[in-house]
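Structure assessment
Next come the chains, spelled out residue by residue.
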Amino acid sequence: MLEKKIMLLTALCMALTACGKESEPEKESYIAVYQEITSAPETELSSETTLPITFSPLTGEDGNSYLSDVLILGDGVCGKAVSCGLLTEESVISAEGASPEDILDREIGGKKIRDMVKSSDKHYIYLMFSERELLNSLSAEKYGEMLFALGEELRELCPESMVLPASVLPFSEDSAPTGDVSEYNDSLHMWVRSSPDKYFIYTDISYVCGENGVLYEKYADADGGVSPEGWNELLRYMETDRFYNDMTESGNSYDGLEAERADYTVTEGKVAYLTFDDGPSKYTPQILEILRENDIKATFFITGWCTEGKETILRKVAEEGHTVGLHSWSHDYEKIYSSTDEWLEDFARVYRKVYAVTGQKPWCFRFPGGSYNNFNRDTADDIIAEMDKRGFAFYDWNAATADASTSATYDSCLENIRDSINADHEVVLMHDSLELTPEYLQDVIDYIRGEGYSFETLDTADQVRF
């Protein structure tokens, strides 16, 4: 047992080193864990994988839904949200054939759109420019640059509003633009990420009712655009993918943030709970395939900012029956552990992202670096008490491959598992953000199974705390 405690302390130190703050990209260990943020998924995913959810607006204590505080600004495509009856005319300003360069100077009913936006008093402004003619006339770089410039202008025009440039709406295969839609989205994403303004955020809605720029058939209308059913799904996503409620007078973004865990029974005998931190990444689909082949369900602790551009992968994790937990949005140790409020702000953001993508309300989480580390000595007890009060359960680990260490190898990961697996119930720490993990995973599974363990998700596990 002493050897195991020493090994776990070593693994904790490695995790703290490997999962460094986002503000320190020069560290080799940071690059190893987070190198995939700009990479597109490489594994083909079925177009049948959708989560149809009936649209039901979230409402606050004042009776107002989030969508009542949203303005959609764009070309003629987004006007369909009004014509299909899901949004009012006050929530959408659209101009047929408009471009990001000229839309604010266009007029509707004798009023300049610039003045209409300023007087709308909406706190969330979504930008949607998806007409095929516009895309065919612009390079991906120019498209991203133009939307970025419009977004910056809107932040100056409406400083109390968040501006959210959206990805290109999917088209039916027959009506798609000639260019690669993913290139337009990638360009826009990288332009917006270059801004230090935390209220200027790219939002990927391309996967919500389509894949690879192509609409799912059930969400396509006769003209090849988004049908009312598709808009219904898009608005459900927007309703739940809220970033900061503190832009309004409704209070903190974590007001009402609570979890309710289902009743469970711990399985007797030897059980291993495989857990993966820091995803999703381009390696996650490989890990899902290995788990599928072995008929194993695992638990994935999601790092929020890693979901950008990888929402389809996250949705696949949930659809295949794995448990989805949370691992903070930013993974920025100094920020999230500076106070309970900072922790809750960050946690609320990843919670809403996961809920928006998967339709599930997470109940479990893992602290970056574990529940007690060098960054939260003064705040850990208060944060834990607050999360316990809100009904969330966190899990440390009692076994690990130490795959996030900069010196990790295939052999070292197997050796670490052999050294740390010896209790009846083992919560195994791994990372799905690493190229190494799918290389060793099958052999880790074979070893654990050979030791007489079955595999379950954390839904049936008591908490493991340091």
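Residues numbered from 1 in each chain as written. Predicted model: local features only at pLDDT ≥ 70, side-chain atom pairs only at ≥ 80, totals over all residues. Heavy atoms only, no water.

Considering the packing of helix α9 (residues 284-293) against helix α10 (residues 311-319)
Rule in force here: Angles shown run from 0 to 180 degrees and are taken between the N-to-C directions of axes, each axis being a line fitted to C-alpha atoms and, for helices, limited to the stretch in contact. Put simply, DSSP H or I for four residues or longer makes a helix, DSSP E for two residues or longer makes a strand, and each gets a number counted from the N terminus. Any angle that falls under 35 degrees is termed roughly parallel, while one over 145 is termed roughly antiparallel, one within 65 to 115 roughly perpendicular, and all others oblique. Here is the rule for handedness: rotate from the far helix to the near one, and if that takes an anticlockwise turn smaller than a right angle the crossing is left-handed, while a clockwise turn gives right-handed. Two residues form a contact once any of their heavy atoms are found within 4.5 Å. Residues are grouped as follows: Ala, Val, Leu, Ile, Met, Phe, Trp, Tyr, Cys and Pro are nonpolar; Asp, Glu, Lys and Arg are charged; all remaining types, including Gly, are polar.
Between α9 and α10, whose axes approach to 10 Å, the crossing angle comes to 15 degrees. One element, α9, and the other, α10, form an angle in the roughly parallel class. α9 and α10 meet at a crossing whose hand is left-handed. Facing α9, whose interface residues are T284, P285, L288 and R292, α10 presents I313, K316 and V317. Of the residues assigned to the contact of α9 with α10, the class counts are four nonpolar, one polar and two charged.

Points about the confidence of the model for the chain
Rules: Values of pLDDT, which run from 0 to 100, indicate the predictor's confidence residue by residue.
Of all residues in the chain, 83% attain a pLDDT of 70 or more, and the chain-wide mean is 84. Here residues 1-7 is modelled with pLDDT under 50, and outside its nearest four sequence neighbours on either side it reaches eight contacts, counting other chains as well. Here residues 243-251 is a poorly scored stretch, pLDDT under 50, and it has 34 contacts once near neighbours within four places are set aside; other chains count.

Details of the environment of L71
Mapped onto the fold, L71 is located in strand β1 (residues 70-75). Once the C-alpha coordinates of L71 and L87 are considered, the two residues, 16 residues apart in sequence, prove to be 9.8 Å apart. Non-local contacts of L71, meaning those with residues more than four positions away in its chain, are made with E90, S91, V92, I93, V117, S120, K122, Y124, I125 and Y126.

Remarks on the sheet that holds β1
Where strands meet in a sheet, backbone hydrogen bonds hold them as pairs that are either parallel or antiparallel. Rules: Pairing between strands requires that DSSP locate at least two bridges from one strand to the other.
Taken together, the four strands give an open sheet; going across it, the order is β2-β1-β5-β6, and neighbouring strands pair in parallel fashion. Edge positions in the sheet fall to β2 (92-95) and β6 (162-165), since each has one partner strand and no second. With strand direction ignored, the average angle separating the axes of adjacent strands in the sheet is 15 degrees. As paired elements, β1 and β2 share four bridges and run parallel to each other. Paired with D75 across the two strands is A95, which belongs to β2. Docked against the sheet, helix α6 (residues 140-157) engages β1, β5 (124-128) and β6, running at close to 160 degrees with respect to β5.

Description of the packing of aromatic side chains
Filter applied, for reference: Each aromatic pair joins two rings of Phe, Tyr and Trp (for Trp, the six-membered one) with centres within 6.5 Å, and gets the label stacked for planes under 30 degrees apart, edge-to-face for over 60, and tilted for any other angle. Whether a charge sits over a ring comes down to the Lys NZ or Arg CZ being within 6 Å of the ring centre and within 35 degrees of the ring normal.
According to the stated counting rule, one finds 20 aromatic pairs in the structure shown. Residues F148 and W191 carry aromatic rings whose centres are separated by 5.2 Å and whose planes lie at 40 degrees to one another, so their mutual orientation is tilted. Of this pair, F148 sits in helix α6 while W191 sits in helix α7 (residues 181-193); the two residues are 43 residues apart in sequence, bridging distant segments of the chain. Three or more aromatic residues joined by ring pairs form one cluster here, namely Y333, Y337, W343, F347, Y351, F365, F367, F375, F392 and F394. For the cation-ring pair, R261 lies above Y264, with the distance from its terminal atom to the ring centre recorded as 3.7 Å.

Structural notes on helix α12 (residues 340-358)
This is how it is decided: Between the first and last residue of a helix there are one fewer steps than residues, each counted as 1.5 Å, and that sum is the expected span. Exposed residues in this analysis have more than 50% of their type's maximum accessible area, buried residues have under 20%, and partly exposed residues fall in between, with area computed by a 1.4 Å probe over protein chains only.
In this model, α12 (19 residues) spans 27 Å end to end at C-alpha, consistent with the 27 Å of a helix rising 1.5 Å per residue. Within α12, 17 of the 19 residues are buried, leaving the element largely enclosed by the surrounding structure. A positive phi of about 80 degrees marks G359, the residue just after α12.

Looking at the environment of Y124
Here Y124 shows up in strand β5. For the pair formed by Y124 and L164, sequence separation is 40 residues and the distance between their alpha carbons is 7.3 Å.

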